[in-house]
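Next come the chains, spelled out residue by residue.
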Amino acid sequence: MRTKRQGLIVWFQHMKNIKQLKRYGHLISVSRKLRYAVIYVDQEEIEEKYEKFEKLAYVSKVAYSHKPMIRTTFESKKLDKKKDYEYEMGI
């Protein structure tokens, strides 16, 4: 069974702090230029991890990833009339 996970975006001050960030969750990516990291954690523990990250001295900002809240089922709004005509004719 899959666990529900959510990402946290953590902005840090120095690249040497990445090793400490790894122990809080699954490190997905790191931007050296903008100095942020994307870390995935379980959704049950996300509030606790958020508070822990904010308390760290080398973390300047923390934000939630909104990916779990985005609807991923898509529908087309308009149908192609040519295809409808072909289906009616039996082509």
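As the structure is a prediction and not an experimental result, all values here were calculated from the model. (Residues numbered from 1 in each chain as written. Predicted model: local features only at pLDDT ≥ 70, side-chain atom pairs only at ≥ 80, totals over all residues. Heavy atoms only, no water.)

(A) Expanded view of the overall build of the protein. Looking only at helices and strands, the protein has three helices and four strands in total. Counting over 91 residues, the protein shows a buried share of 27%. Of the contacts made within the protein by residues no fewer than 6 positions apart, 65% connect residues no fewer than 24 positions apart. Total accessible area computed for the protein in this model is approximately 7900 Å², and 52% of it derives from carbon and sulfur atoms. (Helix = DSSP H or I, 4+ residues; strand = E, 2+ residues; numbered from the N terminus. Buried < 20%, exposed > 50% of the residue type's maximum accessible area, 1.4 Å probe, protein only. Contact = heavy atoms within 4.5 Å. Areas by Shrake-Rupley, 256 points an atom, 1.4 Å probe, with all protein chains shown as cover.)

(B) Spotlight on the packing of aromatic side chains. Evaluated as defined, the whole model comprises three aromatic pairs. Centre to centre, the rings of Trp11 and Tyr36 are 6.1 Å apart; their planes meet at 45°, and the pair counts as tilted. Highlighted residues: Trp11 in strand β1 (residues 5–12) and Tyr36 in strand β3 (residues 36–42), separated in sequence by 25 residues. On the accessibility criterion, Trp11 (24% relative accessible area) is partly exposed. (Phe/Tyr/Trp six-rings, centres within 6.5 Å; stacked < 30°, edge-to-face > 60°.)

(C) Representation of the environment of His66. Considering the arrangement of structural elements, one finds His66 in the loop between β4 (59–64) and α3 (81–89). Remark: the alpha-carbon pair of His66 and Gln6, spanning 60 residues in sequence, is separated by 8.0 Å.

(D) Seen up close, the pairing of β3. The buried fraction of β3 amounts to five of the seven residues, a majority that puts the element mostly inside the structure. Bridge count between β1 and β3: seven bridges; the pairing is antiparallel. When the bridges of β3 are listed, Gln6 appears paired with Val41. Relative to β3, strand β2 (residues 26–31) runs antiparallel, the two sharing five bridges. Each residue of the ladder has a partner; that of Leu27, found in β3, is Ile39. The antiparallel hairpin formed by β2 and β3 contains four residues in its connecting segment, where Arg35 sits at a positive phi of about 55°. (Pairing = 2+ DSSP bridges.)

(E) Looking closely at the pattern of salt bridges. On inspection of all chains with the given rule, the structure shows one salt bridge. Put simply, Arg5 and Asp42 hold a salt bridge, and the shortest N to O gap is 3.3 Å. With Arg5 in strand β1 and Asp42 in strand β3, the pair connects residues that are 37 residues apart, well separated along the chain. (Salt bridge = Lys/Arg side-chain N within 4 Å of Asp/Glu carboxyl O.)

(F) Main features of the side chain of Asp42. We classify Asp42 as buried; its relative accessible area is 19%. Other than its neighbours up to four places away in sequence, Asp42 contacts Thr3, Lys4 and Arg5.

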